[in-house]
Number of protein chains: 2
Amino acid sequence: MLKLGIIGTNWITEQFIQAALSTKKYQLTSVYSRTEEKAQQVATKYEAGEVFTSLADFFAQGSFDVVYIASPNSLHFEQAKAALEAGKNVIVEKPAFSNPTEMATITALLAKKPQLFLFEGARHVYEPNFQITKQAIQTLDQVQGATLVYMKYSSRYDQVLAGKTPNIFSPKFSGGSLQDLGVYVVYDAVSWFGVPDDVHYFANLLPTGVDGRGTAILTYPGFNVTLIFGKNATSYLPSEIYGLHETLVLAPNAADLAQVTRYQPDGKTVELGEPADENPMTHEAEAFYSMMTTQDHQMANSALKTSQAVNQVLFKLRQSAGIEFAADQGN
Amino acid sequence: MLKLGIIGTNWITEQFIQAALSTKKYQLTSVYSRTEEKAQQVATKYEAGEVFTSLADFFAQGSFDVVYIASPNSLHFEQAKAALEAGKNVIVEKPAFSNPTEMATITALLAKKPQLFLFEGARHVYEPNFQITKQAIQTLDQVQGATLVYMKYSSRYDQVLAGKTPNIFSPKFSGGSLQDLGVYVVYDAVSWFGVPDDVHYFANLLPTGVDGRGTAILTYPGFNVTLIFGKNATSYLPSEIYGLHETLVLAPNAADLAQVTRYQPDGKTVELGEPADENPMTHEAEAFYSMMTTQDHQMANSALKTSQAVNQVLFKLRQSAGIEFAADQGN
């Protein structure tokens with residue numbers, strides 16, 4: 001049983017707590033929130049004994065083995081760094097860090113603490129249909145490219161229309177649609193096709209300084225991958241990976257792989273996917289537990305290498321579109 | 001009743017003959033083919049009285065009012081020019097001409113013969129669901145962009161894989177997937193959103209010198225339109241036009257608009273489209289007849305302006321991808 005600490009009490013943190021507890025391999029021991037009432041509420045709900053309103057105390061006195069971090073993106077870096085320095089394992093929600101400089105600082109710190117683990121919470125990568133898709137791609141006669149889509153209108157965009165800057169659309173908090181939803185399809189592309197030779201991002205730039213939606217082209221030898229993502233419009237398109245004579249269709253989108261369907265040359269279909277879990281974070285919770293308890297640093301390093309590649313691609317895409325974060329200053 | 005002449009006897013020419021005859025407003029009078037047997041066969045099948053194996057004789061002696069040209073793309077220009085010079089109206093299959101120089105020569109010739117008509121056979125533009133889509137776009141709260149898809153594997157790509165260069169994949173014949181299928185979605189974009197400010201084409205270039213497939217980005221003020229088309233892979237994606245809170249979904253693709261569905265903010269759908277005709281060329285045949293017989297030069301000029309804009313966009317997209325045609329030499 002691993003002891004889990006959490007920073008913040010937002011909906012995704014609760015979803016992770018529920019996923020972790022459902023595996024019966026984690027217990028929630030420690031809750032940090034700036035607001036004591038909120039911390040106490042979550043602690044009571046999930047039977048955690050420790051409540052903190054000081055982050056320094058949380059790391060110094062918390063009895064947890066691993067912390068799950070799902071704060072605004074720009075805060076991940078300092079919190080993960082503090083956690084590692086306090087000797088804690090880290091699960092940091094995607095996108096893990098704002099830029100390659102932050103990523104390099106963290107990996108250097110990890111190298112000095114080789115017993116610790118740091119995982120990026122790319123939950124879809126750990127779902128069975130992600131690996132099923134990867135294996136199906138290997139069997140295509142010749143990869144001709146892909147169209148990977150994840151675009152959903154966010155009610156918080158209403159605030160942008162009203163002239164405000166919610167965190168998720170703020171460059172101060174490393175926000176924007178590329179970071180929030182694009183990261184899923186960048187993970188897809190890097191995991192399935194490797195690191196692209198070149199990237200271009202055609203972004204819809206918002207008055208807040210980040211992107212509302214866009215189309216990105218990742219260039220590979222012999223084919224391109226088209227990424228379509230956004231938070232100020234909604235797409236109902238599934239995603240596709242093209243062979244010469246066969247096409248894989250991922251539905252409902254490239255982040256929620258409920259169905260993985262192979263379209264044969266004659267148009268007939270074969271369903272390859274497994275039914276998805278109710279809580280999509282269960283598989284990552286299982287995988288992180290397994291790596292930590294079996295000390296599987298090889299698998300963890302492989303995942304970290306993918307995180308680094310995704311971090312690089314996200315940064316290059318931002319550069320392509322001229323999107324700068326407060327976290328980039330001084331880099 | 002208009003007298004129709006045809007050049008060549010391929011499947012699309014037969015489809016147009018059938019569409020034209022079904023309107024009961026055309027009769028096929030004149031058939032040209034280099035092969036007398038083929039010409040005679042089509043003439044017999046559709047009760048045409050005149051058969052030619054010389055193109056000069058076809059134009060000089062044929063009794064037709066209007067010629068339908070669906071030869072390889074690179075031949076459209078000389079054949080349309082000869083037709084206009086012979087005082088014939090012209091329906092030329094899309095893409096009408098290989099580049100803006102050819103287009104300018106034709107429009108200059110048309111200006112000298114103001115009684116004649118030249119139409120580009122952009123059949124989907126004349127189908128009711130195309131206008132229904134255009135009107136629906138006007139009612140979106142704010143256009144946020146579009147994803148327009150038309151990608152179907154062509155059996156003639158098998159020849160490319162075998163090291164050959166069929167006309168449709170030859171730069172000598174102004175071939176490639178942009179010209180053959182991309183033209184549909186470029187027509188969509190130009191008709192629905194206007195002339196883009198900028199274009200980028202990420203093409204899969206073939207050893208033959210043209211494109212097998214690709215993704216193009218058309219840049220408009222405040223949004224981009226993503227075009228996905230090709231002939232060496234197959235997509236099952238519908239197409240989409242994004243409003244802020246609503247999305248229009250075009251199925252099965254952006255060229256065959258069988259269904260035009262409005263997705264409301266709550267995810268509920270309203271079908272806007274009309275059932276399509278069995279022969280998709282019937283509506284253009286009707287429209288061309290109407291313009292010619294009512295001498296509606298205003299509508300014809302409006303269509304020609306769209307043809308010119310599409311021709312420009314296709315050329316810029318080719319330049320973006322470095323695709324050159326034999327027809328470009330000396331321009």
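An unreviewed UniProt entry lists chain A under the name Oxidoreductase, with Loigolactobacillus backii given as the organism.

S.K.: Explain the overall build of chain A to me, please; I cannot follow it from the model alone.
M.R.: Assigned secondary structure in chain A consists of ten helices and 14 strands. Rg of the C-alpha trace for chain A: 20 Å, near the compact-globule value of 20 Å for 331 residues, within the 12% margin. A total of 331 residues make up chain A; the buried ones form 59% of that total. Of all intrachain contacts in chain A linking residues separated by at least 6 positions in sequence, the fraction that spans at least 24 positions is 67%. Averaging the coordinates of the 24 positive side-chain charges in chain A and doing the same for the 33 negative ones gives two points 4 Å apart.

S.K.: Can you help me understand the sheet that holds strand S1 (residues 2–7) of chain A in this one?
M.R.: Hydrogen bonding along the main chain pairs the strands of a sheet, whether they run parallel or antiparallel. Residues and elements named next belong to chain A. Ordered by their spatial adjacency, six strands build an open sheet running S3-S2-S1-S4-S5-S6, and the pairing between neighbours is parallel. Both edges of this open sheet fall to strand S3 (50–52) and strand S6 (118–121), since each of them pairs with a single strand only. The average angle at which neighbouring strand axes cross in this sheet is 25°, direction not considered. Alignment of strand S4 (residues 66–69) against strand S5 (residues 89–93), held across four bridges, turns out to be parallel. Residue Val67 lies in a different strand from S5, and its bridge partner there is Val90. Most of the contacts of helix H4 (residues 76–85) go to S5, to which it runs at about 170°, and overall it touches S1, S4, S5 and S6.

S.K.: Would you mind going over unusual backbone geometry with me for this structure?
M.R.: Most peptide bonds take the trans configuration, and most residues that are not glycine carry a negative phi. Residues and elements named next belong to chain A. Backbone torsion omega between Ala251 and Pro252 reads 5°, so that peptide bond is classified as cis. Structurally, Pro252 is set in strand S12 (residues 247–252). One non-glycine residue, Lys24, lies in positive phi territory at about 60°. Summarising the element assignment, Lys24 is placed in the loop between helix H1 (11–22) and strand S2 (26–32). Overall, the relative accessible area of 67% leaves Lys24 in the exposed class. Of note, Ser174 is a non-glycine position whose phi angle comes to about 55°, a positive value. Here Ser174 shows up in the loop between helix H7 (157–161) and helix H8 (177–193). Assessed through its relative accessible area of 0%, Ser174 is described here as buried.

S.K.: Would you mind showing me how to read the relation of the copies chain A and chain B here?
M.R.: The pair of chain copies shares a relation made of a rotation about an axis and a shift along it. Here chain A sits on chain B after a turn of 180° about the axis and a move of 0.0 Å along it, with an RMSD of 0.0 Å. What the rotation and shift describe, once combined, is the action of a two-fold rotation axis. Closest approach to the rotation axis within chain A is made by the C-alpha atom of Leu237 of chain A, at a distance of 3.3 Å. When the interface residues of chain A are mapped onto chain B, 100% of them are again interface residues, pointing to one common binding face.

S.K.: I'm lost on helix H8 (residues 177–193) of chain B in this one. Help?
M.R.: Given 3.6 residues per helical turn, the α-helix brings residues three or four places apart onto the same face. The largest bend in H8 of chain B amounts to roughly 50° and is located at Val183 of chain B. With respect to burial, H8 of chain B is a largely interior element, 16 of its 17 residues being buried.

S.K.: Could you clarify how one ought to interpret H4 of chain A in this entry?
M.R.: Residue and element names in this part refer to chain A. Within H4, the full set of buried residues consists of His76, Phe77, Gln79, Ala80, Ala83 and Leu84. Next to the buried residues of H4 lie S1, helix H3 (55–61), S4, S5, helix H5 (100–112) and S6. Where H4 ends, the next residue or the one after it, Gly87, has phi of about 80°, a positive value.

S.K.: Explain the packing of aromatic side chains to me, please; I cannot follow it from the model alone.
M.R.: We describe a pair of aromatic rings using the distance from one ring centre to the other and the angle between the two ring planes. Taken as a whole, this structure holds 43 aromatic pairs over all chains when the rule is applied. Look at Phe130 of chain A and Trp192 of chain A: their rings are 4.8 Å apart centre to centre, the planes differ by 35°, and that puts the pair in the tilted class. Within this pair, whereas Phe130 of chain A is found in helix H6 (residues 128–138), its partner Trp192 of chain A is found in helix H8, the two being separated by 62 residues in sequence. Relative accessible area serves as the criterion here: at 1%, Phe130 of chain A is assigned to the buried category. Aromatic rings pair up to connect Tyr32, Phe52, Phe58, Phe59 and Phe64 of chain A into one cluster. Here the guanidinium or amino end of Arg318 of chain A rests over the ring plane of Phe325 of chain A, the centre of that ring lying 3.7 Å away. Residue placement shows Lys88 of chain B over the ring face of Phe64 of chain B; its charged tip is 4.3 Å from the ring centre.

S.K.: How should I be thinking about the domain arrangement of chain A in this particular structure?
M.R.: The accessible area lost on association of the parts is a frequent measure of interface size. Residues and elements named next belong to chain A. Segmentation of chain A into domains returns domain 1 (2–124) and domain 2 (126–283 + 311–328). Contacts between the two partners involve 24 residues from domain 1, matched on the other side by 29 residues from domain 2. Summed over both partners, the interface of domain 1 with domain 2 comes to about 2,300 Å²; 55% of that surface belongs to carbon and sulfur atoms. Counting the surface domain 1 buries against domain 2, the share from its top three residues, Pro100, Arg123 and His124, is 35%. Applying the counting criterion to the domain 1 and domain 2 interface returns two salt bridges.

S.K.: Please explain the pattern of salt bridges as it appears in this structure.
M.R.: Here the idea is simple: oppositely charged side chains can pair when their charged atoms come close. Tallied over the full model, the rule gives 20 salt bridges over all chains. Between Lys152 of chain A and Asp256 of chain A there is a salt bridge, with the nearest N and O atoms lying 3.9 Å from each other. Residue Lys152 of chain A is found in the loop between strand S7 (145–151) and H7, and its partner Asp256 of chain A is found in the loop between S12 and strand S13 (257–263); the two are separated by 104 residues along the sequence. Between Asp328 of chain B and Arg318 of chain B there is a salt bridge; the shortest N-O distance is 2.6 Å. Here the residue Asp328 of chain B occupies a position in the segment after helix H10 (297–321), and Arg318 of chain B occupies one in helix H10, the gap between them amounting to ten residues. A relative accessible area of 13% places Asp328 of chain B in the buried class.

Reading guide: rules and limits
In this numbering scheme, every chain counts its residues from 1 along its sequence in written order. Chains carry letters from A onward and ligands carry numbers from 1 onward, assigned in written order. Where totals are concerned, whole chains, interfaces and linings use all residues; where local detail is concerned, this predicted model gives features only for residues with pLDDT of at least 70, and gives and counts side-chain atom pairs only at 80 or more. Note: side-chain values were computed over all heavy atoms of the structure, leaving out hydrogens and water. Strands here are runs of E lasting at least two residues and helices are runs of H or I lasting at least four, both read from the DSSP assignment and numbered beginning at the N terminus. We compute the radius of gyration from the C-alpha atoms alone; for a globule the expected value is 2.2 Å times N to the 0.38, where N is the number of residues. Throughout this description, buried means an accessible area under 20% of the type-specific maximum (1.4 Å probe, protein chains only), exposed means over 50%, and partly exposed covers the range between. Here, two residues are considered to be in contact whenever any of their heavy atoms come within 4.5 Å of each other. In this tally Asp and Glu are treated as negative and Lys and Arg as positive; neither His nor the chain ends contributes. Where a charge lies is defined by one atom per residue type, namely NZ (Lys), CZ (Arg), CG (Asp) and CD (Glu). In this description, strands pair whenever DSSP reports at least two bridges between them. Orientation is described by lines fitted to C-alpha atoms, with helices fitted over the stretch in contact, and by angles between N-to-C directions that extend from 0 to 180 degrees. The least-squares superposition of copies is restricted to C-alpha atoms, and to residues with a pLDDT of at least 70 in both copies. Bend is the name given here to the angle between axes fitted to two runs of seven residues, the run ending at a residue and the run starting at it. The criterion for an aromatic pair is that two Phe, Tyr or Trp rings (for Trp, the six-membered ring) have centres within 6.5 Å, with stacked assigned to planes under 30 degrees apart, edge-to-face to planes over 60 apart and tilted to the rest. Any Lys NZ or Arg CZ found within 6 Å of a ring centre and within 35 degrees of that ring's normal is scored as a charge over the ring. An automatic or database domain assignment is the source of the domain bounds shown. Summed over both partners, the accessible area (1.4 Å probe) lost when two parts come together is defined as the buried area. Within this document, salt bridges are pairs made up of a side-chain nitrogen of Lys or Arg and a carboxyl oxygen of Asp or Glu, the two lying within 4 Å of each other.

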